[in-house]
Amino acid sequence: ISDTHGSVKAWEDALNGPFRGVDLILHAGDVLYHGPRNPLPDSYDPSKLADLINQCPIPVLIAKGNCDSEVDQMVISIPLQAPYLLTEQPLGRILVSHGHFYNDELIQSMMDSFGVNIWITGHTHVPVLEQRGVTVYLNPGSPALPKGTEPRRSVALVSETDIKLLDLDSGKPYSVMEYHPSK
C-alpha cells in the first residue's frame, strides 16, 4: 500500500478487504498528511489513521514519503524508515522507497547491489506492475487519491505464485504477474 494520505477509509477498506489474512503490510510512504498539492481524501483523519496503524494486528513496515514528517513519527509507533527500507521475506528481498528521491539509474544500481526481488515505490499514485531485469517493479498506486489515465483506488498483493494490482472498490485484480521468488 502507498499514499494513504490520512484517509481512514482507504486504510480500513484495504484491511477489511484484500489485506484480510495477510502476513505483513508494506507501506511505501505518505501515510498521514495529504500534502499541499492534493485535495483532502475521503474520511481524512490523520490522528485516527495513526491510531489504526498503531493498533493494526498485522505487522506493518513503512518507508518515509515526501509528505511524512518528524511529527508523524511522534504519533506512529512504527519507525518511518528513510530513505528506504530493505526487508528479507519468504517471498524474497524487497526494497521499499517512496520514489521521490530516486532516478532509475540509482535504483537499478541498488537493486543489483542488494539482489532485490521486488522494488516497491509510491509517490506517483499511478499503479505499475512490470518486470525490470530480474526485479519486479511495483507501485501499488493510491487507495486514497488515485491518479493516472484510469484513476482507481488500488493496492497490491504479493503471494508465492503471483503479484496482483487490485481495484479496492471492486476487490478484483486488474493486473496480475506470475511470481516465483528465487531463493
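As shown above, the structure is provided for reference.
The structure presented is a predicted model; accordingly, all values stated were derived computationally and were not measured.

Caption draft 1: Structural detail: the overall build of the protein chain. Helix and strand content of the protein chain: four helices and eleven strands. Taking 16 Å as the expected radius of gyration for a compact globule of 183 residues, we find that the protein chain reaches 15 Å, a close match to that expectation. C-alpha atoms of the protein chain, sized along the principal axes, occupy 40 × 35 × 35 Å. Counting only residues that meet the buried cut, the protein chain has 48% of its 183 residues in that class. Long-range pairs, those at least 24 residues apart, make up 55% of the contacts in the protein chain with a sequence separation of at least 6. Only carbon and sulfur atoms are counted for the fraction: they give 52% of the accessible area of the protein chain, which is about 8,800 Å². Charged side chains in the protein chain number 13 positive and 22 negative. The centres of these two groups are separated by 4 Å.

Caption draft 2: The environment of Leu-85, seen in detail. One can find Leu-85 in strand S4 (residues 84-89). What makes Leu-85 buried here is its relative accessible area of 1%. Taking the C-alpha atoms as reference points, Leu-85 and Leu-26, 59 residues apart in sequence, are found 9.5 Å from one another.

Caption draft 3: Region of interest: the nonpolar core. In terms of nonpolar packing, the biggest core is built from 22 residues, with Trp-11, Ile-25, Ile-53, Ile-62 and Ile-76 touching the most fellow members. Among the elements that line this core, the one with the most residues is helix H1 (residues 8-16), at four residues. Those residues within four positions of Ile-53 in sequence are excluded, and the remaining contacts are Trp-11, Val-31, Ile-62, Ile-76 and Ile-78. Counting residues in hydrophobic clusters, the runner-up holds 17 residues, among them Ala-63, Ile-118, Leu-129 and Ile-163.

Caption draft 4: Up close: the pairing of strand S9 (residues 154-158). One ladder, built from five bridges, connects S9 with strand S10 (residues 162-167); its direction is antiparallel. Looking at the pairing, Ala-156 lines up with Leu-165 of S10. As consecutive antiparallel partners, S9 and S10 are separated by three residues.

Parameters at a glance
Residues numbered from 1 in each chain as written. Predicted model: local features only at pLDDT ≥ 70, side-chain atom pairs only at ≥ 80, totals over all residues. Heavy atoms only, no water. Helix = DSSP H or I, 4+ residues; strand = E, 2+ residues; numbered from the N terminus. Rg over C-alpha atoms; globule rule 2.2 N^0.38 Å. Buried < 20%, exposed > 50% of the residue type's maximum accessible area, 1.4 Å probe, protein only. Contact = heavy atoms within 4.5 Å. Areas by Shrake-Rupley, 256 points an atom, 1.4 Å probe, with all protein chains shown as cover. Lys, Arg positive; Asp, Glu negative; His and termini not counted. Charge placed at Lys NZ, Arg CZ, Asp CG, Glu CD. Core = buried A, V, L, I, M, F, W, Y, C linked by side-chain atoms within 4.5 Å. Pairing = 2+ DSSP bridges.

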